[in-house]
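Descriptive structure summary
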Amino acid sequence: MSIQDELKSAIMAALPDLSCVIGWGPGPEPLRAAPLFIRGEADLEGFTAGFLSVNNPALYLPSLKGSKVGIVAKGCDARSVGQLVTETLIKREEVHVIGYPCGGVIDVDKVAAGLADACEPGEVGALREDGDDVVLDTPKGEVRLAKKDVTADKCGRCTFPNAENADVFVGIRRAPAAAEDTYADIAEFEARGTEELKAFWEKEMSRCIRCYACRNACPLCVCRDHCIAASREPHWVSQADDVPDKLFFQVIHAVHLSGRCTGCGECERACPLGIPVLKLKRALSRRVENLFGYKAGIGTETPPLLTFAIEESTIKERDW
Amino acid sequence: MSVLEGKELRIVGFLCNWCSYGGADTAGVGRFTQPTDLRIIRVPCSGRINPLFVMKALIGGADGVLVSGCHPRDCHYAEGNYYARRRLEVLKGLLPVLGINPSRFEYTWVSASEGQRWQHVVETFTARIHALGPAQAFAGTTGPANHNRADAMVS
Amino acid sequence: MSAETVKKFISFDALPGFLARAAEHGTVYAPRREGSAVVYRPLKPGDAPELGARPTESCKHVVFPRSETLFSFAGKADAAQPAVRRPVLTESPEPGPAVVFGALSCDARGFLAFDPVYKGSGTGGAAADTYYLRRRSRTLLVVKACKSALNTCFCNWVGGGPASAQGADVLAVEAEQGLVLDILSEQGAIFAETLPAASEGQVGAALAAVKAVEDSLPKAAELSAAPAALASLFSSAEFWKNESAHCLYCGACTYLCPTCYCFNITDESDGLSGVRLRSWDNCMSPLFTLEASGHNPRPNKADRLKNRVGHKFSYYPSLHAGRFSCCGCGRCIKSCPSSVDIRKIVLDAVKEAANV
């Protein structure tokens, strides 16, 4: 049986006890799947788990609290579930995690770069996986791209390709793409220096349209309708369309995610204007990892910013 | 260093009510001279200090931000400063990637009796900020003919 | 492209110089690639506009800024009674002329959905919106005809087309290493007056290009039943719950949409002085309908998505002579982080209403 079929049977086996199972189904175009809410066998038509399974289904769990829900989970999705459970934002017994070995997911922006002048990603008529390649039907003929060149950055540094907390795991566990996340990307970025980075964010954030897709795509951003960005008192951000306000919102998001972000990258992926907002969260994740040895979404220990030690072995705040 | 000697910079200080604000007061009562760049905001406890307070000040163009609370084991509310220590220490990791010099932010502990230490803290931190010079505020409006809000406020 | 209008030609080589001269008379906005996005930006003199990839955002912000200062205010002390402060209001400066070079035909048609609303057509013009209208009248739209359709395009479903001239001052069609410019308004004629007339061969090539792209579009779906269908499903909570299940209720769809025109007005003040801003708002946000009492008539995403789709394909047409408040640009589909497809929702609604 293929992984797809095995997953389908696992879903059907679990469905009687669940209000629905969230996976991925046909999207509006060949390069994109859509989150799929499976309530019966008929919904399984077009179910897919694999290279196009980009969305993080854990996103929907807090809003579905009170009924038992299944999700098909990549390793990173399962980390979101783990973190939500650790923070008691959802109940573990209300989630049924169906894991499978994830080999990475597509990054449409990289496809766009790979297609270069052949066409826009929105003109691709079909996508076919062929070994280590993807083959795209374009108006100018077939374009073959190496899968590794069009896979999301997060997948290249993935240390948890298998849903570690799965209730059911389908398929053979996969070796991680990297032994550990070295945060080399953040070190490299930071090395550009504060002056250059300030100019970088001024340019990037000037594109921001304040749609808050980054926030709403984040599985750990549970405040939703009660976000402080919408508050008038205190008045954290104004309605002006200027860089300081827009950047400050990204700071709000990053600070509220410190010690909680599992690095699923949905914020950055969701941004319609391609603003690399994950960098801010990863900078804080690196800091938390270095100070407290904590990786969000793995294990059940209390997140470091919700607790303290009287003597902090890694903090030297009295040195000046 | 002081306003008399050169251009004064804008440093925002968040001080806990019970120790550091008292320490600053002690320094004042003891007539320990200090640079005048610091604008003090009194908060109940260093644990009350949302890291976003610091960020709002820095992104808004403050040249420096200083946080001071009770020494560990001395918090009026027993453990507020322990939480503050973790939060503020983590926050330091965000500044360089945002394009803000991390030296513009610091936190420390000063008790109500430590007037002299307060003087030392203010002098040291102010000297550090003066060495960095004034911060460049984040700028940029995008709307057509949408004149800058800050400019509008000035006019 | 009609046969009667004047046709001009400009080669791609001459374009940056021509636009730099145009920029002396006003701001020229053109598509520019920034990272993975293509956005409309004031063109730097000498730069060539990005005409190869379709802009991620619409150009509506040129006429309808994301946030616009309506006026600034300050409390000034009364000279006679220093204790009394009187409000002093300062109007924002008049906007200057602007050109959007390389708008998509759907972008230009988007303004046709704005116009009746901001002209205050429902009030006989009494509620005309000065701020919008003065920018609109000073903005020239040069539309660049599309050479192909994206998977998410459906302009032909809603009365448009890849080379539609509706709403445009000039329609530009790529031909022979340049653009054939179809002059459609007086303003357009002034804009292009220094350019040479297009040759017969160039016009012929442009006409052939337009026909080729129009023929390449998939057949349009029939939407005449949509307004009634959506109205009849207003109370079908289950239908909207299912359609909105994977929606994230962010505002990407509305803010990228060329026809979404809703706004909010806020005072951003610092003590007694400040500014009154008009900024974009969107019906997917909880604050859009939150009432002062704390009650929210649209408490969840199903209600909000219902409004978004209903407004475009049912409520708006019922007020504005049957015109859909949708230009079929497909940006809401293309840029939706959770792949919500408004075409599917409308077609599902038509099907659902027929079954009831």
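Worth saying up front: this structure is predicted, and the values here are computed from it rather than measured.

This brings us to the nonpolar core. Grouped together as the largest cluster of nonpolar side chains are 229 residues, with contacts concentrated most on Tyr29(C), Val100(C), Val143(C) and Val170(C). It is helix α8 (residues 243-256) of chain A that provides the largest number of residues to this core, a total of eight residues. Non-local contacts of Val100(C), meaning those with residues more than four positions away in its chain, are made with Tyr29(C), Tyr40(C), Cys59(C), Val62(C), Thr139(C), Leu141(C) and Val142(C).

Between chain A and chain B, the residue contacts involve 39 residues of the former and 36 residues of the latter. Residue assignment for the side of chain A that touches chain B shows that the elements contributing at least two residues are α5 (184-190), α6 (194-205), α8 and α10 (278-292) of chain A. A per-class count over the side of chain A that touches chain B returns 25 nonpolar, four polar and 10 charged.

Let us now look at the domain arrangement of chain C. Residues and elements named next belong to chain C. Each domain of chain C was delimited in the assignment, giving domain 1 (1-68 + 90-217) and domain 2 (221-356). When each unit is reduced to the centre of its C-alpha atoms, the spacing between domain 1 and domain 2 is 26 Å. With 27 residues of domain 1 at the interface, the matching set in domain 2 holds 26 residues. Secondary-structure elements contributing two or more residues to the side of domain 1 that touches domain 2 are β4 (67-77) and α3 (105-118). The element contributing the most residues to the side of domain 1 that touches domain 2 is α3, with eight residues. Looking at the side of domain 1 that touches domain 2, its residues break down into 14 nonpolar, seven polar and six charged.

As a further point, take the sheet that holds strand β6 (residues 133-138) of chain A. Residue and element names in this part refer to chain A. If you walk across this open sheet you meet the three strands as β5-β6-β7, and the pairing is antiparallel. Edge positions in the open sheet fall to β5 (126-130) and β7 (141-146), since each of these has one partner strand only. Put simply, the sheet's adjacent strands are angled 25° from each other on average, direction ignored. Sheet topology note: the β5/β6 ladder contains five bridges and is antiparallel. Bridging from a neighbouring strand, Ala126 pairs with Asp137 of β6.

Two faces make up the sheet, and in a regular strand the side chains alternate between them. Where burial is concerned, most of strand β3 (residues 37-42) of chain C is hidden: five out of the six residues are buried. Between strand β2 (residues 27-34) of chain C and β3(C), which pair antiparallel and follow one another directly, the connecting turn spans two residues, one of which, Gly35(C), has a positive phi of 60°.

Residues and elements named next belong to chain A. Within strand β1 (residues 20-29), eight of the 10 residues are buried, which leaves the element mostly enclosed by the surrounding structure. Taken together, the three bridges between β1 and strand β3 (residues 69-73) define a ladder with parallel strand orientation. By the bridge assignment for β3, Cys20 is matched with Val69. Bridge count for β1 against strand β2 (residues 32-38) is seven bridges, and the pairing is antiparallel. Its bridge partner being in β2, Val21 is matched across the sheet by Ile38. If you look at the hairpin formed by β1 and β2, you'll find two residues sitting between the two strands.

Bringing the sheet that holds strand β1 (residues 7-11) of chain C into the picture now. Strand pairing within a sheet occurs via backbone hydrogen bonds; the two strands may be parallel or antiparallel. Residues and elements named next belong to chain C. Read from one edge to the other, the open sheet built from seven strands follows the order β1-β9-β8-β7-β6-β2-β3, with strand pairing classed as mixed. Each edge of the open sheet is held by one strand with a lone partner, namely β1 and β3. Across this sheet, the average inter-strand angle for adjacent strands is 25°, counted without regard to direction.

The interface is formed by 33 residues belonging to chain A together with 39 residues belonging to chain C. Those elements that place two or more of their residues in the side of chain A that touches chain C are β1, β2, α3 (108-115), α7 (213-216) and α9 (266-270) of chain A. Residue contributions to the side of chain A that touches chain C peak at five residues, all from β2(A). Its residues placed into classes, the side of chain A that touches chain C shows 17 nonpolar, seven polar and nine charged.

Residues and elements named next belong to chain A. If you check the domain split of chain A, you get domain 1 (1-106 + 155-180), domain 2 (108-150) and domain 3 (181-320). Taking only C-alpha atoms, the centre of domain 1 and the centre of domain 3 are 25 Å apart. Counting residues at the interface gives 19 residues for domain 1 and 17 residues for domain 3.

In this structure, the amide linkage connecting Glu233(A) to the following residue, Pro234(A), adopts the cis form with an omega of 5°. Tracing the sequence through the fold places Pro234(A) in the loop between α7 and α8. The backbone of Glu176(C) shows a phi angle near 50°, a positive value even though the residue is not glycine. Note on placement: Glu176(C) falls in the loop between β8 (170-175) and β9 (178-183).

Here we take up the packing of α6(A) against α8(A). Residues and elements named next belong to chain A. Two elements in contact, α6 and α8, have axes whose closest approach is 9 Å; the angle formed by their N-to-C orientations is 100°. Accordingly, the angle class assigned to the pair α6 and α8 is roughly perpendicular. Here Trp201, Glu202 and Met205 of α6 come into contact with α8, specifically with Val243, Lys246 and Leu247.

Rules behind the numbers
Residues numbered from 1 in each chain as written. Chains lettered and ligands numbered in written order. Predicted model: local features only at pLDDT ≥ 70, side-chain atom pairs only at ≥ 80, totals over all residues. Core = buried A, V, L, I, M, F, W, Y, C linked by C-beta atoms within 7 Å. Buried ≥ 20, exposed ≤ 12 C-beta atoms within 10 Å, placed from the backbone. Helix = DSSP H or I, 4+ residues; strand = E, 2+ residues; numbered from the N terminus. Contact = placed C-beta atoms within 7 Å. Nonpolar A, V, L, I, M, F, W, Y, C, P; charged D, E, K, R; others polar. Domains from an automatic or database assignment. Pairing = 2+ DSSP bridges. Axes fitted to C-alpha atoms, helices over the stretch in contact; angles between N-to-C directions. Parallel < 35°, antiparallel > 145°, perpendicular 65-115°, else oblique.

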